[in-house]
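# Tertiary structure, described
Chain by chain, the residues run as shown.
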2 protein chains.
Amino acid sequence: MELDQLTECYKAMADKTRLNILALLRHEELCVCELVEILKMTQPSISQHLRKLKQAKLVKERRNSQWIFYSIDGEIYPFIKANLDALPDMSEKIEQLKASGGKVCC
Amino acid sequence: MELDQLTECYKAMADKTRLNILALLRHEELCVCELVEILKMTQPSISQHLRKLKQAKLVKERRNSQWIFYSIDGEIYPFIKANLDALPDMSEKIEQLKASGGKVCC
DNA sequence: ATTATATATAAACATATGGTTATATACTAA
DNA sequence: TTAGTATATAACCATATGTTTATATATAAT
């Protein structure tokens, strides 16, 4: 692949928050406010991380009325599956969100 | 895997120069001065990039008298092969180095 | 011992990055 | 149309990062 594209990909992955986001999205698509809730970070911060991931084509977005749902993309990277598989399991966080009624949405 | 370890790995890969180094080391082990020659960068700059790669356990070093040869490691990362396979082929650069007599070493 | 070569480290600086607060935009509902 | 909710963007700031120049360390050769 092109080194510039690869650099952008690894830059996008070179941050703990963004790896957390990818690890969460591996389970299911989530909207911004759900990520804010789970990661206990401010909404602008999450939004800017999502923008980086989107620019690197690691996630894609889908609008549903007022919400924007993000999900894993990365299909341009032949190694993406191997990398995602190395991320820790975050299903517990998702369960907590659902248990606290924070799901579907905000 | 641990997110901190993964973050360090992707940080180490999030730079064009370091991806170039990894792409070159895929072909064969190289010493610092050979990398300096191929990449047309200063020796301290290359050394510091190598240090980051070494700290992330992506490369290892081997001393041979005055030279220190670096080679690919990364065995702690289950995805390393897939990622290295996505790097561009740099055999031409290696050939040029050998043709110009810059090999074995400096 | 002295000189030369290979590499590492340190200091300084400019740029990039991530977080915060404030504000703008988009959609919904009344 | 107005108010409310979800998200994006902008401006600002502190910290991280990459490069350069200068210097230190390590090995080799004389």
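Residues numbered from 1 in each chain as written. Chains lettered and ligands numbered in written order. Predicted model: local features only at pLDDT ≥ 70, side-chain atom pairs only at ≥ 80, totals over all residues. Heavy atoms only, no water.

This part takes up helix α4 (residues 43–55) of chain B. All names here are of chain B. Helix length check: α4, at 13 residues, gives a terminal C-alpha distance of 18 Å against a target of 18 Å (1.5 Å per residue), a fit within 8%. Within the span of α4, buried status applies to I46, H49, L50 and L53. The arc that holds the buried residues of α4, viewed along the axis, is 100°, so those residues lie on one side. Looking at the residues trailing α4, positive phi occurs at K57, about 65°. (Helix = DSSP H or I, 4+ residues; strand = E, 2+ residues; numbered from the N terminus. Expected span 1.5 Å × (residues − 1). Buried < 20%, exposed > 50% of the residue type's maximum accessible area, 1.4 Å probe, protein only. Arc of directions from axis to C-beta.)

Working definition: an aromatic ring pair is given by the centre-to-centre distance plus the angle between the planes. All names here are of chain A. Summed over the entire model, instances satisfying the criterion amount to five aromatic pairs over all chains. Each ring, one from Y10 and one from F79, has its centre 5.6 Å from the other, and the planes form 15°; the classification is stacked. Highlighted residues: Y10 in helix α1 (residues 3–13) and F79 in the loop between β3 (67–72) and α5 (80–85), separated in sequence by 69 residues. Judged by relative accessible area, F79 falls into the buried class, the value being 1%. (Phe/Tyr/Trp six-rings, centres within 6.5 Å; stacked < 30°, edge-to-face > 60°.)

The next subject is the sheet that holds strand β1 (residues 30–31) of chain B. All names here are of chain B. If you walk across this open sheet you meet the three strands as β1-β3-β2, and the pairing is antiparallel. Strands with a single pairing partner mark the edges of an open sheet, and in this sheet they are β1 and β2 (59–64). Set on the sheet, α4 makes contact with β2 and β3 (67–72); between it and β2 the angle comes to about 120°. (Pairing = 2+ DSSP bridges. Contact = heavy atoms within 4.5 Å. Axes fitted to C-alpha atoms, helices over the stretch in contact; angles between N-to-C directions.)

To continue, consider the interface of chain A and chain B. Listed by partner, the interface residues are 20 residues for chain A and 20 residues for chain B. Carbon and sulfur atoms supply 69% of the area buried between chain A and chain B, which totals about 1900 Å² over both sides. At the junction of chain A and chain B, the tally comes to two salt bridges. The partner of K16 of chain B in a salt bridge is D4 of chain A, and the shortest N-O contact between them spans 3.1 Å. Put simply, the parts of the chain that give the side of chain A that touches chain B at least two residues each are α1, α2 (16–25) and α5 of chain A. No other element matches α1 of chain A, which puts seven residues into the side of chain A that touches chain B. Grouping the amino acids of the side of chain A that touches chain B by side-chain chemistry returns 13 nonpolar, three polar and four charged. (Buried area = accessible area lost by both parts, 1.4 Å probe. Salt bridge = Lys/Arg side-chain N within 4 Å of Asp/Glu carboxyl O. Nonpolar A, V, L, I, M, F, W, Y, C, P; charged D, E, K, R; others polar.)

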